[in-house]
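These are the residues of each chain, in order.
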Protein chains: 2
Amino acid sequence: MPKISDKQRESRRQQILEAALACFAEDGFHQTGMADIVKRSGLSHGAVYLYFQSKDDLIEALADDRHRREGVLNSVAQGSGDPIEGLHALVRVYAQWLTDPAGEARRRVGIHGWAEALRNRRVRNSVVEGIDMPRALIVALVERGQHDGLIKRDLGAEAIARVLIAIFQGFVLQKCWGEDIDVEACMAAVAVVIEGFRTAKPDVRRRARM
Amino acid sequence: MPKISDKQRESRRQQILEAALACFAEDGFHQTGMADIVKRSGLSHGAVYLYFQSKDDLIEALADDRHRREGVLNSVAQGSGDPIEGLHALVRVYAQWLTDPAGEARRRVGIHGWAEALRNRRVRNSVVEGIDMPRALIVALVERGQHDGLIKRDLGAEAIARVLIAIFQGFVLQKCWGEDIDVEACMAAVAVVIEGFRTAKPDVRRRARM
DNA sequence: AAAAAGTGACTGACTGGTCGTTTTTTATTT
DNA sequence: AAATAAAAAACGACCAGTCAGTCACTTTTT
């Protein structure tokens, strides 16, 4: 005779996660006390421990949000047949994600997670796996572009992917520090960066498929 | 009748700072206890407090290392008359700094500082001011390049600077997480990025000075 | 001898986590 | 439909351990 339905259980879980997200975003993992999370969640101390074994459990559950965007990115990248257009599309999605006010807390927690990844192996794995997906996506696009003669062949696809991801990460940092950034202008610069990877004169020997 | 010379005093201070750097690099600011720093420094608990008022004092003293490279960057950027060559030179210096094993601890502490900047105003100011200097340097180079017709004029110099800095920051993260990165290949990609900012056909109306 | 430098046991506040108790919900019986 | 029983869910006072920081004292140097 269980008391609450699975739906209610999941809702309570989310309630705690949301409280923890807000607290961690404000003060980081280690400066946030369980008491803070308890207070913010509106539940009691003991109730929280019914849903999460420990504070570390909560941290691991929040350190990484890759599960949210997996599908979106994939479809965006594949949307157009043109690999370079795919890269541009990824940048557009990213720019939107970067400027969404509702995502502020997640971005901040993400940064705390980046630091925590340096000392917590599980968080590190979570973070690294989280960037593996978009990286693989970019690598695939670039390799296709290189095969089609659209992207310079003397550059490593992996290297290009890491550069793009580094740009994303850096902008999250700069944005979260509250610097006033002209996102439009910056994304225009990133677009130029991508165009810089394009072959000067398209290799006609093996041309694109469409 | 003071007991130790200024030189000795400074040396003791460094001794503590080095111990704190190593500890913070390993475990972050908040998971490192004063006891850890005390033990590692070889001094006593009380002695540390003779040199630093509080743990926060130590954090602020270490959160940012801008004072170390101020001179170097400036001379490197100005070394050649060509602004674009100046950007390439900056990237080379940065690549060297990124791969220097002796700098590992500083890079890691830097990342912890990036997270701490989200909640500690003084650390934030320190971090932001720390990137202001190289940013101003890049902006100056780019604006000169644009004036000389070497760099695309439809891009904001600020935006380009922020993109390059974001790349730097992102690579620090990825490197410190222990991913095996082909730094050579990545820096080659960054070089291509910089070349991408160059005007396709040099603007002949106002050509460079040399 | 005098004063700074250095020591380390100690403290009070706070931490994450537990557990005996109370409340709420549902299944069953009346 | 009302009463009952039982178990899950929620509560919050409590605990052992840890923390940053202090201070009465000893050592070292001039």
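Residues numbered from 1 in each chain as written. Chains lettered and ligands numbered in written order. Predicted model: local features only at pLDDT ≥ 70, side-chain atom pairs only at ≥ 80, totals over all residues. Heavy atoms only, no water.

*Asks:* Explain the side chain of Asn120(B) to me, please; I cannot follow it from the model alone.
*Replies:* The residue Asn120(B) is located in the loop between α7 (104-116) and α8 (121-147) in this model. Among the polar contacts made by the side chain of Asn120(B), one reaches the main-chain amide nitrogen of Arg122(B) at a distance of 3.0 Å. (Helix = DSSP H or I, 4+ residues; strand = E, 2+ residues; numbered from the N terminus. Polar contact = N/O pair within 3.5 Å; in protein donor to acceptor, adjacent residues only side chain to side chain.)

*Asks:* What is the right way to read the pattern of salt bridges from this model?
*Replies:* Opposite charge on two side chains makes pairing possible when the charged atoms of those side chains draw close. Applying the stated criterion across every chain, the model contains 24 salt bridges over all chains. Each member of the salt-bridge network shares a partner with another, and the members are Asp132(A), Arg135(A), Glu158(A), Arg162(A) and Glu179(B). (Salt bridge = Lys/Arg side-chain N within 4 Å of Asp/Glu carboxyl O.)

*Asks:* Please explain the packing of aromatic side chains as it appears in this structure.
*Replies:* How two aromatic rings sit relative to each other is set out by the distance from centre to centre and by the angle between their planes. Under the definition given, this model contains eight aromatic pairs over all chains. Pairing Trp114(A) with Trp177(B) gives two aromatic rings, centres 6.3 Å apart and planes at 65°, and the pair type is edge-to-face. Of this pair, Trp114(A) sits in helix α7 (residues 104-116) while Trp177(B) is found in the loop between α9 (157-176) and α10 (183-197), placing the two residues in two different chains. Classification of Trp114(A) by relative accessible area gives buried; the value is 13%. (Phe/Tyr/Trp six-rings, centres within 6.5 Å; stacked < 30°, edge-to-face > 60°. Buried < 20%, exposed > 50% of the residue type's maximum accessible area, 1.4 Å probe, protein only.)

*Asks:* Is there a simple way to explain empty space enclosed by the protein in this structure?
*Replies:* Considering all chains together, one arrives at three cavities of 30 Å³ or more under this definition. The calculated volume of the largest cavity comes to roughly 180 Å³. Residue assignment for the lining of the largest cavity shows that the elements contributing at least two residues are α1 (6-31) and α7 of chain A together with α1 (6-31) and α7 of chain B. Of all the elements, α1(B) adds the most residues to the lining of the largest cavity, at five residues. By residue class, the composition of the lining of the largest cavity is four nonpolar, seven polar and six charged. (1 Å grid on protein atoms, 1.4 Å probe; cavity = no way out; pocket = protein on both sides within 12 Å on 5 of 7 lines; lining within 4 Å. Points joined across faces, edges and corners; volume = space filled by probe spheres on them. Nonpolar A, V, L, I, M, F, W, Y, C, P; charged D, E, K, R; others polar.)

*Asks:* Is there a simple way to explain the interface of chain B and chain A in this structure?
*Replies:* Think of interface size as the accessible area that goes away when the parts come together; that is how it is often given. Contacts between the two partners involve 47 residues from chain B, matched on the other side by 48 residues from chain A. Across the interface of chain B and chain A, roughly 3,900 Å² is buried in total on both sides, 69% from carbon and sulfur atoms. For chain B, the biggest contributors to the area lost against chain A are Leu118(B), Arg162(B) and Trp177(B); these three give 21% of the whole. Taken together, the connections running from chain B to chain A amount to six salt bridges. Arg119(A) is the partner of Asp27(B) in a salt bridge, and the nearest nitrogen-oxygen pair spans 3.3 Å. One can count 18 residue pairs in polar contact (both at pLDDT 80 or more) joining chain B with chain A. (Contact = heavy atoms within 4.5 Å. Buried area = accessible area lost by both parts, 1.4 Å probe.)

*Asks:* What am I meant to see in the relation of the copies chain B and chain A here?
*Replies:* The operation relating the pair of chain copies consists of a rotation about an axis and a translation along that axis. Its rotation angle being 180°, the transformation that places chain B on chain A also includes 0.0 Å of axial translation and leaves an RMSD of 0.1 Å. Expressed as a symmetry operation, the mapping of one chain copy onto the other fits a two-fold axis. Of the interface residues in chain B, 100% have counterparts in chain A that sit at the interface too, so the contact is made through matching surfaces. (Least-squares fit on C-alpha atoms with pLDDT ≥ 70 in both.)

*Asks:* In this structure, what is going on with the packing of α7(A) against α7(B)? I would like to understand it.
*Replies:* Contact geometry for α7(A) and α7(B): axes closest at 8 Å, N-to-C directions at 155°. The orientation of α7(A) with respect to α7(B), classified from their angle, is roughly antiparallel. Like other packed secondary-structure pairs, α7(A) and α7(B) cross with a definite hand, here left-handed. On α7(B), the residues that touch Ile111(A), His112(A), Trp114(A) and Ala115(A) of α7(A) are Ile111(B), His112(B), Trp114(B) and Ala115(B). Of the residues contributing to the contact of α7(A) with α7(B), the split by class is six nonpolar, two polar and no charged. (Axes fitted to C-alpha atoms, helices over the stretch in contact; angles between N-to-C directions. Parallel < 35°, antiparallel > 145°, perpendicular 65-115°, else oblique. Left-handed = near helix turned anticlockwise from the far one by under 90°.)

*Asks:* Where do I start with the domain arrangement of chain A in this structure?
*Replies:* All names here are of chain A. Taken domain by domain, chain A holds domain 1 (1-53) and domain 2 (55-209). Where domain 1 abuts domain 2, roughly 1,500 Å² becomes buried across the two surfaces, and 75% of that area is made up of carbon and sulfur atoms. Looking at the side of domain 1 facing domain 2, the largest losses of area belong to Leu-21, Ala-25 and Phe-29, adding up to 42% of the total buried there. Summed over the shared surface of domain 1 and domain 2, the number is six residue pairs in polar contact (both at pLDDT 80 or more). Going through the elements one at a time, α1 and α2 (34-41) are the ones with two or more residues in the side of domain 1 that touches domain 2. At eleven residues, α1 tops the list of elements feeding residues into the side of domain 1 that touches domain 2. Among the residues forming the side of domain 1 that touches domain 2, the class breakdown is ten nonpolar, four polar and two charged. (Domains from an automatic or database assignment.)

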